[in-house]
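What follows is the residue order along each chain.
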Amino acid sequence: MNALRYGYVTAPVLGALWCFVIAVTVAVAMSFATGAPFRPSLILSLIWGAGIGFAALFGAVALWGAALAVAALGIVGIGPMASGDGTGLVALAVGHGALALFTALGVRKILEECRIGALTRHEFEEAVIRFLTGFGYIFFTAIVLIPFYVMVMTSLKNQAELMANPLDFSIDLTQGWGLLRSYGELMTEYGFGSYLWTSFYVSVLTVLITLAFAIPGAYAVARLRFRGQALFSRSILLIYMVPMIVLALPIYIAFSMTGLRNTIFGIVIIYPVTTIPVALYMLQGYFRGLPAEIEEAGLMDGLSRLKVIWKITLPLSLPALASVSLYVFMIAWNEFLLAFMLLDDPSKFTLTRGIASLNSSEVPRQHLMAGAVIATVPIMVLFLGLERFMTKGLTAGSVKG
Amino acid sequence: MTDAVPPTGTGPLAKREARLAWGLLFPTLAAVSLVVILPLLAVFWISFKPVGLANLRPPTPIVREDIRGDLEAPGDAATLRYRLRNSSQDQPILGVTLSDAWPEGLEASELDPRCAIAEGRLSCDFGDWEGGAREQLRIPVTATEAYFAGPDATASDPALTGQAQNVLTSFDFTLENFAQVFDGSEFWAVLGVTLFYTVFGTLGALIMGLFAAMLLNKSFKGQGILRGLYLFPYVAPVIAVAFAWILLFDPFSGSANALLIQMGVSQGAINFFGERPLALIMVTLFEIWRYFPLSFLFILARMQSIDHDMYEAADMDGASPFQKFWYLSLPQLLGILSVLFLLRFIWTFNKFDDIFLLTGGNAGTRVLTVNVYEQAFALSNIGAGAAVAVVIFACLLLFSLFFFKVMSREEGL
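Parameters and conventions
Residues numbered from 1 in each chain as written. Chains lettered and ligands numbered in written order. Predicted model: local features only at pLDDT ≥ 70, side-chain atom pairs only at ≥ 80, totals over all residues. Heavy atoms only, no water. UniProt positions renumbered as here; feature names shortened; annotations may be inferred. Helix = DSSP H or I, 4+ residues; strand = E, 2+ residues; numbered from the N terminus. Pairing = 2+ DSSP bridges. Axes fitted to C-alpha atoms, helices over the stretch in contact; angles between N-to-C directions. Disulfide = S-S within 2.5 Å. Buried < 20%, exposed > 50% of the residue type's maximum accessible area, 1.4 Å probe, protein only. Expected span 1.5 Å × (residues − 1). Parallel < 35°, antiparallel > 145°, perpendicular 65-115°, else oblique. Left-handed = near helix turned anticlockwise from the far one by under 90°. Contact = heavy atoms within 4.5 Å. Nonpolar A, V, L, I, M, F, W, Y, C, P; charged D, E, K, R; others polar. Core = buried A, V, L, I, M, F, W, Y, C linked by side-chain atoms within 4.5 Å. Salt bridge = Lys/Arg side-chain N within 4 Å of Asp/Glu carboxyl O. Phe/Tyr/Trp six-rings, centres within 6.5 Å; stacked < 30°, edge-to-face > 60°. Lys NZ or Arg CZ within 6 Å of the ring centre and 35° of its normal.

The name recorded for chain B in an unreviewed UniProt entry is Carbohydrate ABC transporter membrane protein 1, CUT1 family, from Salipiger abyssi. Looking at the Sequence similarities (unreviewed entry) heading of the UniProt record, one finds this comment for chain B: "Belongs to the binding-protein-dependent transport system permease family." Taken verbatim from the UniProt record of chain B, the Subcellular location (unreviewed entry) comment is "Cell membrane".

An unreviewed UniProt entry lists chain A under the name Carbohydrate ABC transporter membrane protein 2, CUT1 family, from Salipiger abyssi. Chain A has a UniProt comment under Sequence similarities (unreviewed entry) that states "Belongs to the binding-protein-dependent transport system permease family." UniProt, in the comment section headed Subcellular location (unreviewed entry), describes chain A in these words: "Cell membrane".

### Regarding the UniProt feature "domain: ABC transmembrane type-1" (unreviewed entry) in chain B
As recorded in UniProt, the feature "domain: ABC transmembrane type-1" (unreviewed entry) lies at residues 191-403 of chain B. Here residues 191-403 of chain B runs as 77% helix and 0% strand, with 20 Å between its end C-alpha atoms.

### Details of the sheet that holds strand S5 (residues 115-118) of chain B
Residues and elements named next belong to chain B. Spatial ordering of the open sheet is given by S5-S6-S3-S8, a layout of four strands whose pairing is antiparallel. Sheet topology places S5 and strand S8 (159-164) at the edges, where each strand pairs with a single neighbour. On average, each strand axis in the sheet is tilted by 15° relative to the strand beside it, whichever way the strands run. Here S5 runs beside strand S6 (residues 121-129); their pairing, made up of four bridges, is antiparallel. Within S6, the residue paired with alanine 118 across the bridge is arginine 121.

### Regarding the state of the cysteines
A disulfide bridge is the covalent bond that connects two cysteines by way of their sulfur atoms. All names here are of chain A. Counted by the stated rule, this structure contains one disulfide over all chains. Cysteine 19 takes part in no disulfide bond, and the closest cysteine sulfur, belonging to cysteine 114, lies 17 Å away. Looking at cysteine 114, the relative accessible area reads 10%, which means it is buried.

### Looking at helix H13 (residues 305-316) of chain A
For an α-helix, 3.6 residues make a turn, and residues three or four places apart therefore share a direction. Between its terminal C-alpha atoms H13(A) stretches 15 Å, which fits the 16 Å expected from 12 residues at 1.5 Å a residue. Every buried residue belonging to H13(A) is among A:Val308, A:Ile309, A:Ile312, A:Thr313 and A:Leu314, and all of these are buried.

### Considering the packing of helix H1 (residues 7-34) of chain A against helix H2 (residues 42-56) of chain A
All names here are of chain A. Where H1 meets H2, the closest approach of the two axes is 6 Å, and the angle between their N-to-C directions is 135°. In terms of orientation, H1 lies oblique with respect to H2. By crossing handedness, the relation of H1 to H2 is classed as right-handed. On H2, the residues touching Tyr8, Ala11, Pro12, Gly15, Ala16, Leu17, Cys19, Phe20 and Ala23 of H1 are Leu42, Ser45, Leu46, Gly49, Ala50, Gly53 and Phe54. For the contact of H1 with H2, the per-class residue count stands at 12 nonpolar, four polar and no charged.

### Thoughts on the environment of B:Ile207
Tracing the backbone through its elements, the reader meets B:Ile207 in helix H4 (residues 186-215). Remark: the alpha-carbon pair of B:Ile207 and B:Gln262, spanning 55 residues in sequence, is separated by 31 Å.

### A short note on the sheet that holds strand S1 (residues 61-68) of chain B
Residues and elements named next belong to chain B. Taken together, four strands build an open sheet; the order of strands is S1-S2-S7-S4 and the sheet is antiparallel. In the strand order of this sheet, the two ends are held by S1 and strand S4 (106-108), each with one partner. The average undirected angle you get between the axes of adjacent strands in this sheet is 30°. Note: strand S2 (residues 77-86) against strand S7 (residues 134-143), nine bridges, orientation antiparallel. From the neighbouring strand, alanine 77 faces S7, where its bridge partner is threonine 142.

### What about the nonpolar core?
One broad trend across soluble globular proteins is that nonpolar side chains are buried collectively. If you look at the biggest cluster of nonpolar residues, it comprises 240 residues, and the most contacted ones within it are A:Leu283 and B:Phe296. Filtering out sequence-adjacent residues up to four positions away, A:Leu283 remains in contact with A:Ala214, A:Ile215, A:Ala218, A:Ala320, A:Leu321 and A:Val324. Counting 22 residues, the second-largest nonpolar core is a separate cluster that includes B:Tyr82, B:Leu84, B:Ile93 and B:Leu137.

### Some points on the pattern of salt bridges
Evaluation of the coordinates by the stated rule reveals 18 salt bridges over all chains. With a shortest N-O distance of 3.6 Å, A:Lys348 and A:Asp345 are connected by a salt bridge. The exposure class assigned to A:Lys348 is partly exposed, which follows from its relative accessible area of 29%. B:Arg366 is the salt-bridge partner of B:Glu374, the closest N and O atoms lying 3.5 Å from each other. Taking relative accessible area as the criterion, B:Glu374 reaches 17% and is therefore assigned buried. Exposure remark for B:Arg366: the relative accessible area of 21% places this residue in the partly exposed category. In this structure, a network of salt bridges that share partners links the residues A:Lys109, A:Glu112 and A:Arg130.

### Concerning the UniProt feature "domain: ABC transmembrane type-1" (unreviewed entry) in chain A
Using the residue numbers shown here, the UniProt feature "domain: ABC transmembrane type-1" (unreviewed entry) corresponds to residues 196-386 of chain A. Taken end to end, residues 196-386 of chain A comprises 80% helix and 0% strand; its first and last C-alpha atoms sit 21 Å apart.

### Here's the deal with the UniProt feature "transmembrane region" (unreviewed entry) in chain B
All names here are of chain B. Under the local residue numbering, the UniProt record ascribes the feature "transmembrane region" (unreviewed entry) to residues 20-48, 187-216, 228-248, 278-301, 325-347 and 382-404. The span residues 278-301 carries 100% helix and 0% strand; its end-to-end C-alpha distance comes to 35 Å. For residues 325-347, the helix share is 100%, the strand share is 0%, and the end-to-end C-alpha distance is 29 Å.

### Considerations on the packing of aromatic side chains
Going through the model one piece at a time under the given rule, you end up with 45 aromatic pairs over all chains. A ring pair is formed by A:Tyr195 and A:Phe349, whose centres lie 5.6 Å apart and whose planes are at 50°; its orientation type is tilted. In this pair, A:Tyr195 is assigned in helix H8 (residues 192-223) and A:Phe349 in the loop between helix H15 (337-342) and helix H16 (351-358), connecting sequence segments 154 residues apart. In this pair, the class of A:Tyr195 matches that of A:Phe349, namely buried. Three or more aromatic residues joined by ring pairs make a cluster, and in this case those are A:Phe148, B:Phe232, B:Trp245, B:Phe249, B:Phe272, B:Phe273, B:Phe286 and B:Trp289. The ring of B:Tyr291 has B:Arg344 sitting right over it, with the charged end atom 4.3 Å from the ring centre.

The structure is reproduced here in structure tokens:
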């Protein structure tokens, strides 16, 4: 370990690793963007990366010189990343240029405090941490974005193009609105408009019903003293852990026998029950945190308990209500199992059930992915717009999922 | 001398408060017991019963009515026919009776001894029917003038009654479901797969979450965007992301395979979700990918509440970054990590949708929850499905007991 702590060892090692990371990243990005064959070369990226890292010890001029050399090597064909025949000149220049640029930028940042000679433990660890941080950003962003990118791009292409080159996600912009063909077909031929509407109002109803049940319940658990209060707050958590699949069987049977299967009414009565425990748990935590004195003042002034809840507690807990509503909406919107088991009639599908019905060999893949995009976009928009509430809601005691 | 004793019992005010509390809680209690407690009891009940999917509809007597022969003028003869059957092939129906409005203007020349016509109604008593019973009732009739003025002979629907025993409500019990579930090595394989999935899925998500939280634990421009982005996998509908993964890792047209081949990592196409050990690893990776955001969020929230003075003091003492992480941050995070581990462990154990959508439980990825579905719907043996559900519930109770023991010592959450 100690042998590593010399600038002339640390810098090339980190430079080599970093260059390899960037080579893989750029190769994947370029392949996905153009469909042209790019591949990182393990050995060459390690060698040239070590060179850049070593050069970084001698100042900015040396670093950028080395980077420029690596970019040139890449275009000649012996760079950290190999590109197959038939790659366009622009793609070639962009790919190798980006590779050299990001390698140099990263190396400069990572090796900020490094010198040629011996490093202190502090300096060495800082450099390693900066490398890991950079790697972490790339890694997490890539694993999160790639599936969503594939989802969106697939929905814009057609089956034949996908089969011909699964890596080619370039978009033919000359088609104009034709790109959105599968969305149009979903809406007109597969009835996704009605699924969207069903999902929307089922989710909204679920939120309303859940709040109507959870607010009084949470208030009682948080504020009022009664026998069995402690037991109660525990059993909420316990109920919230009962897996849906265990309950789904009897619910299926009961619904089959009472004719509630295949009705939206059945779905609307069953969804809130899965969300009430979560909402109750989140809300009671919040109510507990509110100062009791304000409510007591209200009671002194002659308001009844219910009036106190309505006029004092609820206005104070609007942010919590917003986050709980969002979270419940998300659960209801994303719910799959119950909709899958209880709905068979295509005219009553929710969105998730509708997408599940697209998963057959007769429906082209781009339709399936367009359906997935349609289900994902509203929840993402809602989520990004109200991110503050959402993250608060998520951390307010919900590890459900 | 009297001892001062604090008042015992509850005063009127406290009583009123308790009454209000129960009043506020009642709707929730009612709803939850109706949809959680009742089904739970039902699962136990069903798990001891020989119920198949086909038994869900109790056997009913079915009748079709028609007239054989033409009735065109008064005096014409024909046969009024009722074809009756038991809808179930193997279950009896007791005390079957038929009742139908007797068409006006028809004369029955000869009547089955089990039937009678009174006050314009035909009523028959067929007694008990075996499973799969079929019967034909033929009544020779002659038309009179009044017949042609009245409505069609088959216009009124015949009413059938009969008592069928429903397996669900009967008192037949069997241990066969459990015997079937525990029989053979399959159950242990399923349990093994479940444990692998649960343990590695939970640990992986925790470690990834910890890593991601460390990345975002400093403020910089775009931190909010990245935080939002990293939550995507958790927020998106499972059905959308599961299909995106399936497409990405498709053996024939998947981008992942094309990428691996192009980069020279693999020679041929890999069937990620279709080969034995690989499929299980893939669904576990999916689980980690989908739920790391949650651990990340919780760990980040805890990290940001750690006191900064401690780190400054450590800096003064010359602690290195790794030492600070190992000796200062980690002990502070241990509480939230253990709570997260336990909760996530339980939730992962209960997970159904993800695996069901990705592989349908094929290629060695069948976990207990998928087994419930498989038994109940694919093999249409509801009883066996319920038996697996009971096993899941027992495991869950076990975990919860442990959980509450530990939870009472851990604050937070």
